[in-house]
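Okay, here's what each chain looks like letter by letter:
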Amino acid sequence: MSNGPTRKHTALPKAQILVEALPWLTRHHGKTVVIKFGGNAMVDDDLKAAFAQDVVFLRHAGLKPVVVHGGGPQISAALDRAGIVSEFKAGLRVTTEDAMDVVRMVLAGQVQRELVGLLNQHGPLAVGLTGEDAHTITATKHQPRIEGELVDIGRVGQITEIDTGAVETLLADGRIPVVSSIARSQDDGHVYNVNADTAAAALAAALGAETLMVLTDVEGLYEDWPDSDEVISRLTATQLEKLLPDLSSGMVPKMEGCLHAVRNGVTTARVIDGRVQHSILLEIFTDEGIGTMVVPDGQGEP
Ligand SMILES: Nc1ncnc2c1ncn2[C@@H]1O[C@H](COP(=O)(O)OP(=O)(O)O)[C@@H](O)[C@H]1O
Ligand SMILES: CC(=O)N[C@@H](CCC(=O)OP(=O)(O)O)C(=O)O
């Protein structure tokens, strides 16, 4: 037996990194995290592969990740190819019956399949479903008001009910549910197109998730967009509610979703930069909080 000096192991810094993650691992163990992967953050193959690694890492670290995905740019490209003109009103895609077929084909048949495939490169984990399956998401026709007038934007749904049964069964079985934002209709036998941020927030609230994490193609919510790129790092629900009327385009459903989530039991809702590789791990396992975090009222001012 030697009592000589301790040997220097080159891998020691790796052990240090793992140990630093311990408080976060303890805090999040067994908690449900709903992650919304936006179509704009989904355009790069390396980013998609890193996203899949992060989600699988969370699962093996004892969390319960649920993925809700978008696919706006992919839907627009497919509609273009099909010669179907598409426009957005009040931040939502005007969805004719023909466009709805394309939306469903792209989300459930293309984007969801690709994500499930990437996740399952790491084991038999991911199972894809749409909101139609097992009544996971039910909706009625959504008619937004634009300048005081109700506007018909076709088969766009407003969520009326979430049934978490199928998702919870998958989670209990150790699987990673990957949900496309299409809803069954409560009015007729058809389906509705639902904004993916809205679907993710409603699912997070219904599941009693600890965290809603929305990955997008900007650093977070900018204070004075587009004139400044100062990111608001923390907001209470009431502070966010006051900002909502001034927000535009894609940020509206995201921030409305974050507000809905924290007002309905979710502990934190975060908008983070999906263009940063491993942004999910940075957000969950370090105190380098990147992006914008929304918390319920009564949890301190930013
Ligand atoms: N205050 C704001 N801060 C940051 N981005 C904003 C803001 N207001 C509007 N945006 C726009 O919202 C976009 C993100 O929404 P969206 O295009 O729907 O992305 P995703 O496909 O990830 O859902 C940003 O790229 C930016 O152009
Ligand atoms: C009603 C509505 O607008 N639905 C969206 C659904 C996809 C989505 O939300 O994708 P992103 O998250 O990538 O934007 C759409 O048709 O584009």
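Here is a short report on the structure shown in this document. (Residues numbered from 1 in each chain as written. Chains lettered and ligands numbered in written order. Predicted model: local features only at pLDDT ≥ 70, side-chain atom pairs only at ≥ 80, totals over all residues. Heavy atoms only, no water.)

With respect to the packing of aromatic side chains
Moving on, step 1. Taken as a whole, this structure holds 2 aromatic pairs when the rule is applied.
Moving on, step 2. Pairing phenylalanine 57 with phenylalanine 285 gives two aromatic rings, centres 5.7 Å apart and planes at 70°, and the pair type is edge-to-face. With phenylalanine 57 in helix α3 (residues 45–60) and phenylalanine 285 in helix α10 (residues 279–285), this residue pair connects regions lying 228 residues apart in the sequence.
Moving on, step 3. Against the face of tyrosine 192 rests arginine 155, its NZ or CZ located 4.3 Å from the ring centre. (Phe/Tyr/Trp six-rings, centres within 6.5 Å; stacked < 30°, edge-to-face > 60°. Helix = DSSP H or I, 4+ residues; strand = E, 2+ residues; numbered from the N terminus. Lys NZ or Arg CZ within 6 Å of the ring centre and 35° of its normal.)

Observations regarding the sheet that holds strand β9 (residues 157–162)
Moving on, step 1. Taken in spatial order, the 4 strands of this open sheet run β9-β6-β11-β12, and their pairing is mixed. The open sheet has two edge strands with one neighbour each: β9 and β12 (191–193). Here the strands of the sheet are splayed against their neighbours by 50° on average, with no regard to which way each runs.
Moving on, step 2. Pairing analysis gives 5 bridges linking strand β6 (residues 137–141) to β9, with the strands arranged antiparallel. Directly across from alanine 139, in β9, lies its bridge partner isoleucine 159.
Moving on, step 3. Taken strand by strand, helix α5 (residues 97–119) contacts β11 (182–185) and β12, and its axis lies near 80° from that of β12.
Moving on, step 4. Its contacts with the sheet put helix α7 (residues 196–207) on β6 and β9, and the angle it makes with β9 is roughly 15°. (Pairing = 2+ DSSP bridges. Axes fitted to C-alpha atoms, helices over the stretch in contact; angles between N-to-C directions. Contact = heavy atoms within 4.5 Å.)

Examining the site of ligand 2
Moving on, step 1. Around ligand 2 there are 15 residues in total, and Lys36, Gly39, Arg93, Asn193 and Ala196 lie nearest to it.
Moving on, step 2. One of the backbone nitrogen or oxygen atoms of glycine 72 is found 3.0 Å away from an oxygen atom of ligand 2.
Moving on, step 3. The contact in question runs from an oxygen atom of ligand 2 to an N or O atom on the backbone of alanine 196, over 3.0 Å.
Moving on, step 4. Relative to its unbound accessible area of 430 Å², ligand 2 is 92% covered by the protein chains.
Moving on, step 5. Judged by the proximity of its atoms to the pocket grid, ligand 2 belongs to the largest pocket.
Moving on, step 6. Counting residues per element, the ones that place at least two in the shell around ligand 2 are α4 (72–81) and β4 (92–93). (Near = heavy atom within 4 Å. Polar contact = N/O pair within 3.5 Å; in protein donor to acceptor, adjacent residues only side chain to side chain. Areas by Shrake-Rupley, 256 points an atom, 1.4 Å probe, with all protein chains shown as cover. 1 Å grid on protein atoms, 1.4 Å probe; cavity = no way out; pocket = protein on both sides within 12 Å on 5 of 7 lines; lining within 4 Å. Sits in = over half its atoms within 2 Å of the grid points.)

Here we look at the packing of α3 against α5
Moving on, step 1. Close contact between α3 and α5 brings their axes to 9 Å; oriented N to C, the two are set at 60°. Compared by their axis directions, α3 and α5 come out oblique. As α3 runs across α5, the sense of the crossing is right-handed. Listed contacts from α5 to Lys48, Phe51, Ala52, Val55 and Val56 of α3 are Glu114, Leu115, Leu118 and Leu119.
Moving on, step 2. Considered class by class, the residues forming the contact of α3 with α5 number 7 nonpolar, no polar and 2 charged. (Parallel < 35°, antiparallel > 145°, perpendicular 65-115°, else oblique. Left-handed = near helix turned anticlockwise from the far one by under 90°. Nonpolar A, V, L, I, M, F, W, Y, C, P; charged D, E, K, R; others polar.)

So, helix α9 (residues 251–263)
One full turn of an α-helix is made of 3.6 residues, so residues set three or four places apart face in the same direction.
Moving on, step 1. With 13 residues, α9 should cover 18 Å at 1.5 Å per step; its first-to-last C-alpha distance of 18 Å lies within 8% of that length.
Moving on, step 2. Looking at α9, one finds that the buried residues are Met251, Pro253, Lys254, Met255, Gly257, Cys258, Leu259, Ala261 and Val262.
Moving on, step 3. In the core, the buried residues of α9 are packed alongside β1 (32–37), α7, β13 (211–216), α8 (237–243), β15 (268–273) and β16 (292–295).
Moving on, step 4. Phi for glycine 265, located one or two positions after α9, is positive at around 100°. (Expected span 1.5 Å × (residues − 1). Buried < 20%, exposed > 50% of the residue type's maximum accessible area, 1.4 Å probe, protein only.)

Observations concerning the nonpolar core
Moving on, step 1. Ranked by size, the top nonpolar core spans 42 residues in total, and within it Ile35, Phe51 and Ile280 carry the most contacts.
Moving on, step 2. If you list the elements that add at least two residues to this core, you get β1, α3, α4, α5, β10 (176–180), β13 and α10.
Moving on, step 3. For this core, the leading source of residues is α5, giving 11 residues.
Moving on, step 4. Here isoleucine 280 is in contact with Ile35, Phe51, Asp54, Val55, Leu58, Met213, Leu215 and Ile272, once residues within four sequence places are set aside.
Moving on, step 5. Counting residues in each nonpolar core, the second largest holds 41 residues, with Cys258, Ala261, Val266 and Val271 among its members. (Core = buried A, V, L, I, M, F, W, Y, C linked by side-chain atoms within 4.5 Å.)

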